[in-house]
Amino acid sequence: MQNVNKSKPMSIYPYACHEDERPLCEWELRVLLEAEVHERYVQSHREIDPSRSPFIHGRLNVRYTASTLEEMAQAAAELETEGQTFKLRYIGADGKADYAERRRIERQIGAHIRGKAEMKRPERIYGLAYVHGKWLLGDYEERQAIWLNHKDKPRQYSTALGTRMARAIANLAVPQPAGIRAVDPCCGIGTVLIEAQSMGIDMVGFDLNPLAAIGARENLAFFNLPVEVKVADIRTLEGHYDALVLDLPYNLCSVLSAGERAEMLQAASRLADRCVVIATQDIAEAIEEAGMKVNEGCIVRKGNFARYIWLCSNQQP
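Now for a description of the structure that goes with this document. Since the model is a prediction, treat every value here as computed from it, not as a measurement.

Cut-offs and rules
- Residues numbered from 1 in each chain as written.
- Predicted model: local features only at pLDDT ≥ 70, side-chain atom pairs only at ≥ 80, totals over all residues.
- Heavy atoms only, no water.
- Axes fitted to C-alpha atoms, helices over the stretch in contact; angles between N-to-C directions.
- Helix = DSSP H or I, 4+ residues; strand = E, 2+ residues; numbered from the N terminus.
- Left-handed = near helix turned anticlockwise from the far one by under 90°.
- Contact = heavy atoms within 4.5 Å.
- Nonpolar A, V, L, I, M, F, W, Y, C, P; charged D, E, K, R; others polar.
- Salt bridge = Lys/Arg side-chain N within 4 Å of Asp/Glu carboxyl O.
- Buried < 20%, exposed > 50% of the residue type's maximum accessible area, 1.4 Å probe, protein only.
- Core = buried A, V, L, I, M, F, W, Y, C linked by side-chain atoms within 4.5 Å.
- Pairing = 2+ DSSP bridges.

Comments concerning the packing of helix α1 (residues 22-33) against helix α5 (residues 163-173)
At step 1: For the pair α1 and α5, the least separation of the axes is 9 Å and the interaxial angle reads 35°. Crossing of α1 over α5 shows left-handed handedness. Facing Leu-24, Trp-27, Glu-28, Val-31 and Leu-32 of α1, the residues of α5 in contact are Met-165, Arg-167, Ala-168, Asn-171 and Leu-172.
At step 2: Classifying every residue of the contact of α1 with α5 by side-chain character gives seven nonpolar, one polar and two charged.

Concerning the pattern of salt bridges
At step 1: Per the stated rule, a full pass over the model turns up 18 salt bridges.
At step 2: The salt bridge involving Glu-21 is made with Arg-164; its shortest N-O contact spans 2.8 Å. Here Glu-21, found in the loop between β2 (11-14) and α1, pairs with Arg-164, found in helix α5; they are 143 residues apart in sequence, far enough to count as distant.
At step 3: Judged by relative accessible area, which is 12%, Glu-21 ranks as buried.
At step 4: Residue Arg-114 pairs with Glu-80 through a salt bridge whose shortest N-O separation is 3.2 Å. Residue Arg-114 is located in the loop between α3 (99-110) and β6 (124-131), and its partner Glu-80 is located in the loop between α2 (69-76) and β5 (86-91); the two are separated by 34 residues in the primary sequence.

Quick look at the nonpolar core
At step 1: By size, the foremost hydrophobic cluster in this structure holds 48 residues, and its most contacted members are Leu-24, Val-276 and Ile-309.
At step 2: Broken down by secondary-structure element, the contributors of at least two residues to this core are α1, α5, α6 (191-198), α7 (210-222), β11 (241-247), β12 (272-279), β13 (292-302) and β14 (305-314).
At step 3: Grouped together as the second largest cluster of nonpolar side chains are 29 residues, Ala-232, Leu-244, Met-264 and Cys-312 included.

A look at the sheet that holds β14
At step 1: The mixed open sheet is built from seven strands, whose spatial order is β10-β9-β8-β11-β12-β14-β13. If you trace the sheet from one side to the other, it starts and ends with β10 (229-231) and β13, each paired once. Averaged over all neighbouring strand pairs, the angle between strand axes comes to 20°, with direction disregarded.
At step 2: Summarising the sheet, strand β9 (residues 202-207) and β10 pair through three bridges and their orientation is parallel. Residue pairing in the sheet places Gly-205 in a bridge with Val-229 of β10.
At step 3: Contacting β11, β12, β13 and β14, α5 runs over the sheet at an angle of about 155° to β12.
At step 4: Taken strand by strand, α6 contacts β8 (181-184), β9, β10 and β11, and its axis lies near 165° from that of β9.

Right, here's the structure in full:
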């Protein structure tokens with residue numbers, strides 16, 4: 001049994017996603033956690049709020065490592081519950097245990113924790129995981145699925161991004177929010193703005209359509225978030241931001257011309273050094289022609305509909 005070095009903490013983040021979201025999920029987790037993404041978890045020295053990502057289920061802050069469950073039982077006896085009720089949760093990582101085996105392991109280790117077990121409403125949760133041939137034990141923080149509440153905004157739009165995708169895109173644009181000023185210059189009804197601001201990202205919004213701007217303001221106010229949305233054309237916006245999200249307008253009845261799209265991409269390149277661009281077709285070449293470098297991208301498909309997502313950097317002097 002070993003105590004984990006407190007000067008270099010380690011966390012395990014279990015996650016799950018739909019197969020059609022996997023490219024976006026793995027990309028977002030790599031950017032957020034700066035670590036390799038395994039099939040069901042990420043092991044990282046970065047400590048983030050597990051509610052940041054729509055794919056992460058929680059965060060296990062590792063306090064003890066052991067080679068065997070018998071050794072881990074000794075470690076469990078050292079945990080201090082401080083009079084609080086507790087629950088021990090088996091975290092699916094490299095372990096192949098079925099449901100019955102997981103519950104058996106929880107009982108085996110949980111029996112050594114000094115305190116009162118409470119399965120429904122524990123005051124604290126511990127996590128146990130099997131990773132790279134070692135058992136890991138520590139405090140476990142469950143995520144809060146905040147973005148699910150954001151589905152019920154008062155103003156809706158049929159072609160708006162889903163809240164899970166919008167949250168992941170905001171994280172790609174601003175993985176570390178401290179000191180970052182971001183913008184969504186075609187914010188529509190504010191789907192990305194809501195996710196960004198709910199995570200503490202300083203992002204303002206603009207839209208050419210006054211009705212969309214009104215809808216965005218109403219949606220932000222509904223969730224008690226800062227209402228910073230103005231009517232403006234991305235092509236005439238001034239100033240400079242650290243990051244930008246450009247979800248190119250898409251409507252079955254009104255498709256952007258190549259010239260309009262080029263002007264919007266050029267404006268994005270001028271406005272920010274780091275840009276996430278979303279489109280319904282492959283426009284990587286057009287992005288490069290607008291003065292941006294495409295660093296990475298993915299496609300998220302839903303039936304016959306696809307969203308192309310690129311992370312770009314400004315190449316302009």
